[in-house]
Amino acid sequence: MTKQLITGVLPALITPMDKDGNVKTELAQPLIDMYVKQQADGLYMLGWTGEGEHLSVEKRKQWAAAVLAAARGKLPVFVHVGYNQNLDDSVLLAAHAAEHGAYAVASVGISEEASLEDNVAYFKRIAAAAPNVPFYIYWVAMGKTLTAGKEIDPPVLLEALSEVPTFRGIKFTDNNFYYLERFKKHRPDLNILTGADQLAICSQYMGSDGNIGALQAVTCYHFKVMMQMINEGRYAEARELQYRANDVVEAYCRAEIGSMPGIKLLIEQIFGIPAGYCSPTGPFAGISHTAEGSHAASELVELFKKNILVKE
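Not measured: the values here are computed from a predicted model.

Caption draft 1: Region of the structure containing the pairing of strand β7 (residues 191-194). Residues Asn 191 and Leu 193 point to one face of β7 and Ile 192 and Thr 194 to the other, with burial holding for every one of them. In this sheet, β7 lies alongside strand β6 (residues 167-172) in parallel orientation, the contact comprising 4 bridges. Among the inter-strand pairings, Lys 171 is bridged to a residue of β7, identified as Leu 193. Of the crossover connections in this fold, the one passing from β6 over helix α6 (residues 177-186) to the parallel β7 is right-handed. Relative to strand β8 (residues 210-213), β7 runs parallel, the two being bridged by 2 bridges. Paired with Leu 193 across the bridge in β8 is Gly 210. For the crossover from β7 across helix α7 (residues 200-205) to β8, the handedness is right-handed.

Spelled out as structure tokens, the structure:
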């Protein structure tokens, strides 16, 4: 298994649903086509943005199969297989993702009660189910879901993860970039993709290979331009683009909008894809906005149009 490091901008893919929580698999192709046009370098699906935690195993399989079929030959797709109380479900989802052509599979740790040994054993099961597919850990909460709620030094974690034969990288959703830099120092070959969307410019300075995020679900091309500016040493211009994107985050995180409903609203209003509702078992159950439905929603759409670069 030799796959090159993924670099660049990888939007976190939404899961479009109707009001009853049925997955709108027919939107896989329009979403893939949109991200190809917006110059995405890959996609990450069924994580937080994809509401994987609030979908049944069967619905996760349906959406993964549809997306992987639509993306074949166009974009590499990471499939998140964690969030399951029954760890057998993660193993099943990893095998399914591998069978349908996922570029990589990923998972959070089991819980803050699970030890590092528990997690390594769990990750080894995922690796066995998808032996030819790279595995990425989803680092959150200072890694405490990996270590029974305790902080851990990067070299210690890397040594433990060396037992997982397919371990290839980290989705690093944290704002302590000291840890990111230490991971890279001790494993320069490790693929680190950051999930701190509002600090993407900072993570790039500290050595990340790219970024994955909910914000990038609607600002992909904007982030591509920003990263190019960084690479060219145009730091002030890049910083301005990060600030403009952060204005959009602030707008969709308002209580009367909500982050996920706001992102789905923008996908519909800006890109013409009817993303629909959020999971009926998740924190945004039953919420779907229209641009005309509230002052906050119309403000969000107008702010986006003013601030964000979109590939036409």
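Structure shown, so let's carry the discussion forward.
Caption draft 2: Just the pattern of salt bridges, in detail. Within this structure, the stated rule accounts for 13 salt bridges. Among the ionic pairs, Arg 125 bridges to Asp 88, the shortest N-O distance being 2.6 Å. Of this pair, Arg 125 sits in helix α4 (residues 116-129) while Asp 88 sits in helix α3 (residues 87-99), and the two are 37 residues apart along the sequence. According to the relative accessible area criterion, Arg 125 is partly exposed, its value standing at 36%. Here Asp 209 ties to Lys 184 by a salt bridge, and the two come within 2.9 Å at their closest N and O atoms. Pair noted here: Asp 209 is in the loop between α7 and β8 and Lys 184 is in helix α6, with a separation of 25 residues, a long-range link. For the pair shown, Asp 209 and Lys 184 are each scored as buried. Within this structure, Glu 232, Arg 234 and Glu 237 form a network of salt bridges that share partners.

Caption draft 3: Representation of the environment of Tyr 136 in the model. Among the secondary structure elements, Tyr 136 is positioned in strand β5 (residues 135-139). The class for Tyr 136 is buried, based on a relative accessible area of 2%. As for Tyr 136 and Ile 192, which are separated by 56 residues in sequence, their C-alpha atoms are 9.0 Å apart. Contacts of Tyr 136, omitting those with residues within four sequence positions, involve Phe 78, Tyr 103, Ala 104, Val 105, Ala 106, Ser 107, Arg 168, Gly 169, Ile 170, Asn 191 and Leu 193. At 2.7 Å, the side chain of Tyr 136 and the side chain of Asn 191 are in polar contact.

Parameters and conventions
Residues numbered from 1 in each chain as written. Predicted model: local features only at pLDDT ≥ 70, side-chain atom pairs only at ≥ 80, totals over all residues. Heavy atoms only, no water. Buried < 20%, exposed > 50% of the residue type's maximum accessible area, 1.4 Å probe, protein only. Helix = DSSP H or I, 4+ residues; strand = E, 2+ residues; numbered from the N terminus. Pairing = 2+ DSSP bridges. Right-handed = clockwise from strand over helix to strand, strands pointing away. Salt bridge = Lys/Arg side-chain N within 4 Å of Asp/Glu carboxyl O. Contact = heavy atoms within 4.5 Å. Polar contact = N/O pair within 3.5 Å; in protein donor to acceptor, adjacent residues only side chain to side chain.

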